Amino acid sequence: MADIVKQILTKPIQLADQVIKASGDTSSFRQECLEIKVKTEKLAGLLRQAARASGDLYERPTRRIIDDTEQVLDKALTLVFKCRVNGLRRVFTIIPTAAFRKTSQQLENSIGDVSWLLRVSTPADDRDDEYLGLPPIAANEPILCLIWEQIAILCSGSLEERSDAAASLVSLARDNDRYGKLIIEEGGVAPLLKLAKEGRMEAQENAARAIGLLGRDPECVEPIVNAGVCSVFAKILKEGHMKVQVVVAWAVSELSAHHPKCQDHFAQNNTIRLLVSHLAFETIQEHSKYAIASKQGMSIHTVVMANSKSSDHTSNRCDDEDKHFQSKISHPTGNDTASQMHNVVANTLAMKSSKGNVQLQVDNSKTNHKNTKTNQNHIHHQNQNHIHHQNQQQQRHQVALTGTSIKGREFEDPATKAEMKAMAARALRHLCAGNITICRSITESRALLCFAVLLEKGPDEVQYNSAMALMEITAVAEQNSELRRSAFKPTAPAAKAVVDQFLRIIDKADSELLIPSIISIGNLARTFRATETRIIGPLVQLLDDREPEVTSEAAIALSKFACTDNFLNVNHSKAIIDAGGAKHLIPLIYFGEQMVQIPSFILLCYLALHVPDSEALAKEDVLIVLEWATKQNHLMQDSTIENLVFEGKKRLELYQSRSSKGYH
């Protein structure tokens, strides 16, 4: 850097010396030339000072300011040379007086610019507290110089000043996309990443937030990734404070959402595994050789894990008594496999008929604690009361576990934990969108189980981001048969738990999770067996008097069950008809909005194609409906739909008459 700056400064210093020398040997306008000489000497001194401090200068404004200064000195030298002309040539050389005023002002501006450059590049400890102000070069673009100043502080300021500078860049990037581009073009990414690695918690948050805002412009993401953001963020997700990790997870989601090509870069830096770890923390049993103590009330599957290791004796669930219990479950040993945990969680999620938490009997609690003590080789009196024993267990677990499983996270406040899970789910949603490799990595981990648990009892934002992440994963699975078979086969406990939650949401049909749940079920249409009868009915009910968006997505999902690509299309089509699908579709096709008409029409065509002998279709005069639809231009714009209608009509005409209800 120092060598580059010295090369930049070499020519203007030489020009300044030439101007000074030429100004002392003029034959006309001597007073004006003397003024130019004085200002040039001052400018030359500043340039030499800059050359001595070249290692501290911020390169981007240095180039801009020195280039402008070089042009000013070149013009000044030309003007002074004209004043040295004698004889006949002097008669024909016209030098306007205004030229000297203009050159003098330009030299003054250059002096101001170089002075500002020296002040802004001075280390914080050596700089006066006075406000730097804006240099004359900022007259045309003041924001650029403000950005220069903040980046210069990021490069040479104290930790507190660097944190404030990052916060200023956050404000600029949030206000205007163009400012974000300027920050990147002026070299702001590298010092922001350095601050994210070295700064205090607030400084790290500001730096990560600034990078996330810069990543909202797709063109800006690639230089950010090339600067090494993936490795920096991965380290923070592994070792950083949870409040910083929240912002980093959000920034990862922004970068991957606006530039999907960076997904693989994050995956190569173990970002997926780290985000899943944050999801799993206090959600499901950790894959660690150590036990994990939960300071909150016992979750459903923690209780079941405890019971699976001791007796099966439990009492009725009771919310009041559960508040006096703390969860202390030893981790599965070599005899307890991950699949066992999956089975336990899936079985637990199926038990939704009763509400509240599980109350453990005192005998069962003692048995669990004895098992825990045995696994951890701790000796206690067996006649200790439950509360005293539990206090000792909590004290014993106030040590950090290896890897990224705890790191003191259990002592964070619940709001921060919930926000961390929400941002982790949001980041996973955008990282897996359209990426088969990352989707496979997620489904092979604990993430599906985490999403199932969080869909049931997570905070609203966590539930929404979990549902959206699952929607992206199922969308990829729909296009990839291998992923569909491995991750969402009907016998897989994790997949069953996820589907159970989707069906619960669809049955309830009153939350913002409804549409992503409908889409996800539709994406998984080819994974359900013919004996799976609980899927079709709730979807068909959504065709009846719902918001257009809900009705449209329900029709699209049902079409994936009835389409030709689905091997069980006949079975599913019959199930749709038996659930009353035909009678709901007719008014939607006649009177629905266009966003509802087209998917409803396509679904009816599939029903006619696969079950043409249905009495329900004959009763609803589906053949007449199809003939009416063929005359509606907005329904027949797609050639695929034309072929589908033609085939459906042909099949219906074999079994039904146009006058089945007396119409002629």
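The residue numbers shown here count from 1 along each chain, following its written sequence. In keeping with the model being predicted, local features are shown solely for residues with a pLDDT of at least 70 and side-chain atom pairs are shown and tallied solely at 80 or more, while totals for entire chains, interfaces and linings include all residues. For side-chain calculations, the full set of non-hydrogen atoms in the structure is used, while hydrogens and water are omitted.

Things to note about the nonpolar core
Across soluble globular proteins, nonpolar side chains show a tendency to be buried alongside one another. Put simply, buried Ala, Val, Leu, Ile, Met, Phe, Trp, Tyr and Cys residues joined by side-chain atoms within 4.5 Å make one nonpolar core. Summary of the burial criterion: residues with accessible area below 20% of their type's maximum are buried, those above 50% are exposed, and those between are partly exposed, where the area comes from a 1.4 Å probe applied to protein chains only. Within the largest apolar cluster, 190 residues are counted, with the highest numbers of intra-cluster contacts made by F233, F451, L539 and F601. Starting at the N terminus, helices and strands are each numbered in turn, a helix being any DSSP run of H or I of at least four residues and a strand any DSSP run of E of at least two. Considering every element that reaches this core, the biggest residue donor is helix α13 (residues 242-258), with 10 residues. With residues up to four places along the chain from it excluded, the contact list for L539 reads I506, I518, I521, A554, A557, L558 and F561. Whether two residues are in contact is decided by their heavy atoms, any of which lying within 4.5 Å being enough.

Thoughts on the state of the cysteines
Two cysteine sulfurs form a disulfide in these notes if their separation is within 2.5 Å. What the rule picks out here adds up to 0 disulfides. In this structure C432 is a free cysteine whose sulfur lies 4.4 Å from that of C439, the closest cysteine sulfur available.

Concerning the packing of helix α7 (residues 159-175) against helix α10 (residues 201-214)
Orientation is described by lines fitted to C-alpha atoms, with helices fitted over the stretch in contact, and by angles between N-to-C directions that extend from 0 to 180 degrees. Two elements in contact, α7 and α10, have axes separated by 8 Å at closest approach and are oriented at 25 degrees. The angle between α7 and α10 falls in the class roughly parallel. Between α7 and α10 the crossing geometry is left-handed. Of α10, the residues touching α7 (which contributes S163, A166, A167, V170, A173 and R174) are E202, A203, N206, A207, R209, A210, L213 and L214. Under the scheme applied here, ten amino acids are nonpolar (Ala, Val, Leu, Ile, Met, Phe, Trp, Tyr, Cys and Pro), four are charged (Asp, Glu, Lys and Arg), and all others, including Gly, are polar. Considering only residue class, the contact of α7 with α10 consists of 9 nonpolar, 2 polar and 3 charged. The labels follow the angle: roughly parallel below 35 degrees, roughly antiparallel above 145, roughly perpendicular from 65 to 115, and oblique for the rest. Put simply, a crossing is left-handed when the front helix is turned counterclockwise from the back one by less than a right angle, and right-handed when it is turned clockwise.

Re the packing of aromatic side chains
Pairing of aromatic side chains here covers Phe, Tyr and the six-membered ring of Trp, requires ring centres within 6.5 Å, and sorts the geometry by plane angle: under 30 degrees stacked, over 60 edge-to-face, intermediate tilted. Under the definition given, this model contains 4 aromatic pairs. For the ring pair F528 and F561, a centre distance of 5.8 Å and an interplane angle of 15 degrees mean the geometry is stacked. With F528 in the loop between α27 (514-523) and α28 (536-541) and F561 in helix α29 (residues 548-562), this residue pair connects regions lying 33 residues apart in the sequence. For the ring pair Y590 and W628, a centre distance of 4.8 Å and an interplane angle of 65 degrees mean the geometry is edge-to-face. Pair noted here: Y590 is in helix α31 (residues 581-591) and W628 is in helix α34 (residues 622-629), with a separation of 38 residues, a long-range link. Grouping aromatic residues by their ring pairs yields a cluster made of Y590, F591 and W628.

What to know about the environment of D544
Relative to the elements of secondary structure, D544 occurs in the loop between α28 and α29. The class of D544 is partly exposed, set by a relative accessible area of 40%. Along the primary structure D544 and P587 are separated by 43 residues, whereas in three dimensions their C-alpha atoms are 9.7 Å apart.

Looking at a negative patch on the surface
Excluding any residue in a salt bridge, patches collect residues exceeding 30% relative accessible area, merging like charges within 9 Å and nonpolar Val, Leu, Ile, Met, Phe, Trp and Tyr side chains within 5 Å. Here the Shrake-Rupley method, with its probe set to 1.4 Å, supplies the accessible areas, and only the displayed protein chains count as covering residues. The working definition used for a salt bridge is a side-chain nitrogen of Lys or Arg within 4 Å of a carboxyl oxygen of Asp or Glu. Think of it this way: Lys and Arg go in the positive column, Asp and Glu in the negative one, and His and the chain ends go nowhere. Where a charge sits is defined by one atom per residue type, namely NZ (Lys), CZ (Arg), CG (Asp) or CD (Glu). Together, D544, D545, E547, E549 and E593 line one region of the surface with negative charge. The topology assignment puts E593 in the loop between α31 and α32 (594-610). Accessibility expressed as a relative area gives 48% for E593, which makes it partly exposed.

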